[in-house]
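For reference, the chains in residue letters:
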Amino acid sequence: VFVEQAEYLEDESFNKWHAEHPDEDKILRKLTQGGAKLISGPRGCGKTTLMLKAFHEMVSSNDAAFPVYVNYKRSLSIEPLYKSGTDGTYWFNQWVILKLYLGIYSTLERLGSTVELSVTKEEASKAASLLEMSNASQIVLRSLSVPDLEHDLLRVAEKLNRSRCVLLLDDAAHAFSVDQQRDFFDIFRQIKSQYVSPKAA
């Protein structure tokens, strides 16, 4: 049996293979507009496909929001560090924010743009990888906060003449443990604003 998941497909294959959802137009409007939203459903029902369709729609439209897509499927790799001691929540939060920065850089590359942010792509990638290997002691990067992230998102939106940002946060509900979900949705609530619209699945 051959199984392929939407998040692993190249753009050309994704555009060829995806199926239409009966309520697709309505869902895509909610994913591309303002406000916080949560998509729920069993594995394989099309949540990732809808998020990626919303992402591609916003990337290709100059007057849409600036989109950031992040898949948190690898959260199990940070579980040992998360449960290792009192710093677990702190490092988990840093990892969530670092992945968002990597998502920002990914979108900027698609759009052929560059913006100076609080952390470079190389620094974010290295720190996120170290956390996934439970090597937090080797991280030399300064602490990142939700206000740092929000400031950088607004800077990106301003430079690209986008009125706001949409964060498409995939696999949070399926991949995170109960405790991780609590910490994740704390960040989700903090980042929500007039100019930043988080969406989670």
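Preceding this section is the structure that the text describes.
Counting restarts for each chain: residues are numbered from 1 in the order of the written sequence. Local features in this predicted model are restricted to residues whose pLDDT is 70 or higher, and side-chain atom pairs enter the listing and the counts only when it is 80 or higher, whereas totals over whole chains, interfaces and linings include all residues. Side-chain numbers here rest on the full set of heavy atoms in the structure, without hydrogens or water.

## Here we look at the overall build of the protein
Link 1 in the chain: The helix and strand labels rest on DSSP assignments: H or I over at least four residues marks a helix, E over at least two residues marks a strand, and numbering proceeds from the N terminus. Secondary structure summary: the protein contains nine helices and four strands in total.
Link 2 in the chain: Scanning the protein from its N terminus toward the C terminus, one meets helices and strands in the order α-α-β-α-β-α-α-α-α-β-α-α-β.
Link 3 in the chain: Long-range pairs, those at least 24 residues apart, make up 76% of the contacts in the protein with a sequence separation of at least 6.
Link 4 in the chain: Working note: accessible area of the protein is about 10,600 Å², and carbon and sulfur atoms make up 49% of it. In what follows, residue pairs with any heavy atoms lying within 4.5 Å of each other are defined as contacts. What sets the accessible areas is the Shrake-Rupley method with a 1.4 Å probe; for residues, cover comes only from the shown protein chains.

## Regarding the nonpolar core
Link 1 in the chain: Here, the term nonpolar core denotes a set of buried Ala, Val, Leu, Ile, Met, Phe, Trp, Tyr and Cys residues that are joined through side-chain atoms within 4.5 Å. Each residue is placed in one exposure class: buried if its accessible area under a 1.4 Å probe, protein chains only, is under 20% of its type's maximum, exposed if it is over 50%, and partly exposed if it falls in between. Ranked by internal contacts, the top residues of the largest apolar core, which has 47 residues, are Ile-104 and Phe-184.
Link 2 in the chain: At the level of elements, strand E2 (66-71), helix H4 (79-82), helix H5 (88-111), helix H6 (121-132), helix H7 (146-159), strand E3 (165-170), helix H9 (178-191) and strand E4 (196-200) are the ones that each hand at least two residues to this core.
Link 3 in the chain: Broken down by element, the residue count for this core peaks at 11 residues, all from H5.
Link 4 in the chain: In contact with Ile-104, not counting residues within four places along its chain, are Phe-66, Val-68, Leu-117, Leu-149, Leu-153 and Val-156.

## Some thoughts on helix H3 (residues 47-59)
Link 1 in the chain: Each residue after the first adds 1.5 Å to the expected span of a helix. Taking 1.5 Å of rise per residue, 13 residues should cover 18 Å, and H3 covers 18 Å from first to last C-alpha, within 8% of that figure.
Link 2 in the chain: Of all 13 residues making up H3, 11 are buried, and the element is well covered by its neighbours.

## Focus: the pairing of E4
Link 1 in the chain: Most of E4 is tucked away, with five of its five residues classed as buried.
Link 2 in the chain: The alternating pattern of E4 places Val-196, Pro-198 and Ala-200 on one face and Ser-197 and Lys-199 on the opposite face, and all of these are buried.
Link 3 in the chain: Each pair of strands is called paired provided DSSP finds at least two bridges between the two strands. As defined by bridge partners, strand E1 (residues 37-38) adjoins E4 across two bridges and the pair is classed as parallel. Residue Leu-38 lies in a different strand from E4, and its bridge partner there is Ala-200.
Link 4 in the chain: Bridge count for E3 against E4 is five bridges, and the pairing is parallel. Within the sheet, the bridge partner assigned to Val-166 lies in E4 and is Ser-197.

## Some thoughts on the sheet that holds E3
Link 1 in the chain: Overall, parallel pairing links the four strands, which are arranged E1-E4-E3-E2 in an open sheet. Because the sheet does not close on itself, it has two edges, and the strands there are E1 and E2.
Link 2 in the chain: Note on method: axes are straight lines fitted to C-alpha atoms, helices fitted across the in-contact stretch only, with angles between N-to-C directions ranging 0 to 180 degrees. Against the sheet, H9 touches E1, E3 and E4, its axis set at about 150° to E4.

## Some points on the pattern of salt bridges
Link 1 in the chain: We define a salt bridge as a side-chain nitrogen of Lys or Arg found within 4 Å of a carboxyl oxygen belonging to Asp or Glu. For the coordinates displayed, the defined rule picks out eight salt bridges.
Link 2 in the chain: With its nearest N and O atoms 3.3 Å apart, the salt bridge here joins Arg-142 to Asp-148.
Link 3 in the chain: Where Arg-182 meets Asp-183, a salt bridge forms, and the shortest distance between an N and an O atom there is 3.3 Å.
Link 4 in the chain: With a relative accessible area of 44%, Arg-182 lands in the partly exposed category.

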